[in-house]
Amino acid sequence: MTGPLSRLRQLALRIPFVRPLGHRLLAVVSADRRVVAHLRVSAADQLLQPWPTTSEDRYPRLFDAVALRLRDRAAPRILSFGCASGEEVRALRARMPEAAILGLDLNPRALAKARAADPSPRSEYRLASAPRPEERFDAIFAMAVFRHGALKRDRPESCAAIMPFSRFEAALCRLDAALEEGGLLAMGNAHFRLSDTGLADRYAVELRSPGQEPASALLYGPDDRRLDGVRESAVLFRKLPEAG
């Protein structure tokens, strides 16, 4: 017995352009899934958020705040960590046309889309899990990177089997090594807090979650246990000079 939805689908497939369009969409989705499945095996110890899901100008008030703080720099150096298909890079480019912006991601399909959509010679997209040892930046963005859809969906008591705290902290330490003193770190929409890491004393909160950019509500601590009743509103941090 067929229901209304099944009958509607059968009718839709009789329209000449619907079937090939559906096949093309399925091919794209399948290719994206294959890439993510491959990364989960080949880069399991480096992979953070596996899906390159994003949107145009996703955090406008945060982007504005960083642009304002970097306004005196002629050509600020910016890293978009986990840049996906480049929406964040393009949003920052619109605010800081002279910036040298590097986008890093482990997903080659997402990077290909980013390159195709960004003609700026001052943008670079690279397949990598961290910047090169010699590279330094005035601002680093790690937005919606230190999170995982399975954690949000299932809210397990421990994150260890999906994304352990140690993986987050190791990635954050690599970003810290590339950030200049006085530089800005944007980190939000995450399942972890900078304040729980060994880097906490090296950073001061510069901005808390503004307006339409909600605070992180599902958090895990250094022991990988869920932190019930805890939220994190800090989204922008400034790296302090080393003491002495």
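Residues numbered from 1 in each chain as written. Predicted model: local features only at pLDDT ≥ 70, side-chain atom pairs only at ≥ 80, totals over all residues. Heavy atoms only, no water.

K.L.:
What am I meant to see in unusual backbone geometry here?
P.N.:
Trans peptide bonds make up the majority, and among non-glycine residues the majority have a negative phi. Even without glycine at this site, D57 takes up a positive phi of about 45°. Position of D57 among the secondary structure elements: in the loop between α2 (18-42) and α3 (60-69). The backbone of D224 shows a phi angle near 70°, a positive value even though the residue is not glycine. Mapped onto the fold, D224 is located in the loop between β6 (203-208) and β7 (234-239). (Helix = DSSP H or I, 4+ residues; strand = E, 2+ residues; numbered from the N terminus.)

K.L.:
Sorry, what's going on with the packing of aromatic side chains here?
P.N.:
The description of an aromatic ring pair rests on the distance of the ring centres and on the angle between the ring planes. Going through the model one piece at a time under the given rule, you end up with seven aromatic pairs. Summarising the aromatic geometry, the rings of F168 and F192 are spaced 4.9 Å apart at their centres and angled 10° between planes, so their arrangement reads as stacked. One end of the pair, F168, is in helix α7 (residues 165-178); the other, F192, is in the loop between β5 (179-186) and β6, with 24 residues separating them in the sequence. Overall, F192 belongs to the buried group, its relative accessible area being 1%. (Phe/Tyr/Trp six-rings, centres within 6.5 Å; stacked < 30°, edge-to-face > 60°. Buried < 20%, exposed > 50% of the residue type's maximum accessible area, 1.4 Å probe, protein only.)

K.L.:
Whenever I open this one, the packing of α3 against helix α4 (residues 87-95) confuses me. Can you help?
P.N.:
Helix packing for two helices is described by the angle between their axes and how far apart those axes are. Orientation of α3 relative to α4, taken along the N-to-C sense of each, is 45°, at an axis distance of 10 Å. Relative to α4, α3 is oriented oblique. Crossing hand, α3 versus α4: right-handed. Residues P60, F63, D64 and A67 of α3 form the contact with α4, whose own contacting residues are E88, A91, L92 and R95. Among the residues forming the contact of α3 with α4, the class breakdown is five nonpolar, no polar and three charged. (Axes fitted to C-alpha atoms, helices over the stretch in contact; angles between N-to-C directions. Parallel < 35°, antiparallel > 145°, perpendicular 65-115°, else oblique. Left-handed = near helix turned anticlockwise from the far one by under 90°. Contact = heavy atoms within 4.5 Å. Nonpolar A, V, L, I, M, F, W, Y, C, P; charged D, E, K, R; others polar.)

K.L.:
I keep staring at the sheet that holds β6 and nothing clicks. Help me out?
P.N.:
Sheets are built from strands that pair by backbone hydrogen bonding, the pairs being arranged parallel or antiparallel. In spatial order, the strands read β3-β2-β1-β4-β5-β7-β6; together these seven strands make up an open sheet with mixed pairing. A strand with exactly one partner marks an edge of an open sheet, and here the two such strands are β3 (123-127) and β6. Sheet twist, expressed as the mean angle between neighbouring strand axes with direction ignored, is 20°. Bridge count between β6 and β7: five bridges; the pairing is antiparallel. Opposite A204, over in β7, you have R238 as the bridge partner. Helix-sheet contacts for helix α5 (residues 108-117) involve β2 (100-105) and β3, and the interaxial angle to β3 is about 165°. (Pairing = 2+ DSSP bridges.)

K.L.:
I would appreciate a short explanation of the side chain of D105 in the present structure.
P.N.:
Within the fold, D105 resides in strand β2. Buried and unpaired, D105 has R115 as its nearest opposite-charge partner, separated by 10 Å. Here the side chain of D105 touches C83 through a polar contact of 3.3 Å, landing on its backbone nitrogen. Here D105 is in contact with G82, C83, A84, L111, R126, L127 and A128, once residues within four sequence places are set aside. (Lys, Arg positive; Asp, Glu negative; His and termini not counted. Salt bridge = Lys/Arg side-chain N within 4 Å of Asp/Glu carboxyl O. Polar contact = N/O pair within 3.5 Å; in protein donor to acceptor, adjacent residues only side chain to side chain.)

K.L.:
In this structure, what is going on with the pattern of salt bridges? I would like to understand it.
P.N.:
Note that side chains of opposite charge can pair when their charged atoms are close. Scanning all chains against the criterion turns up 19 salt bridges. Salt-bridge contacts for R95 lead to D57; the nearest nitrogen and oxygen are separated by 3.0 Å. Of this pair, R95 sits in helix α4 while D57 sits in the loop between α2 and α3, and the two are 38 residues apart along the sequence. A relative accessible area of 34% means that D57 is categorised as partly exposed. Each of R73, R77, D138 and E180 takes part in a single network of salt bridges with overlapping partners.

K.L.:
Explain the nonpolar core to me, please; I cannot follow it from the model alone.
P.N.:
Where a protein is soluble and globular, its nonpolar side chains tend to be buried together. Membership of the largest hydrophobic core comes to 31 residues, with the highest contact counts inside it found for L79, I140, F146, L172, L185, M187 and F192. Put simply, the parts of the chain that give this core at least two residues each are β1 (77-81), β2, β4 (137-141), α7, β5 and β7. Top contributing element to this core by residue count: α7, with six residues. Apart from residues lying up to four places away in sequence, L172 is in contact with F146, L185, M187, L194, T197 and L199. Counting residues in each nonpolar core, the second largest holds 27 residues, with A91, M143, L207 and V235 among its members. (Core = buried A, V, L, I, M, F, W, Y, C linked by side-chain atoms within 4.5 Å.)

K.L.:
Even after reading the chapter, I still don't get the side chain of S123, so can you show me in this structure?
P.N.:
Structurally, S123 is set in strand β3. Within the structure, S123 has its side chain in polar contact with the side chain of R93 (distance 2.9 Å). Ignoring anything within four residues of it in the chain, the contact list for S123 reads V89, R93, I101 and D118.

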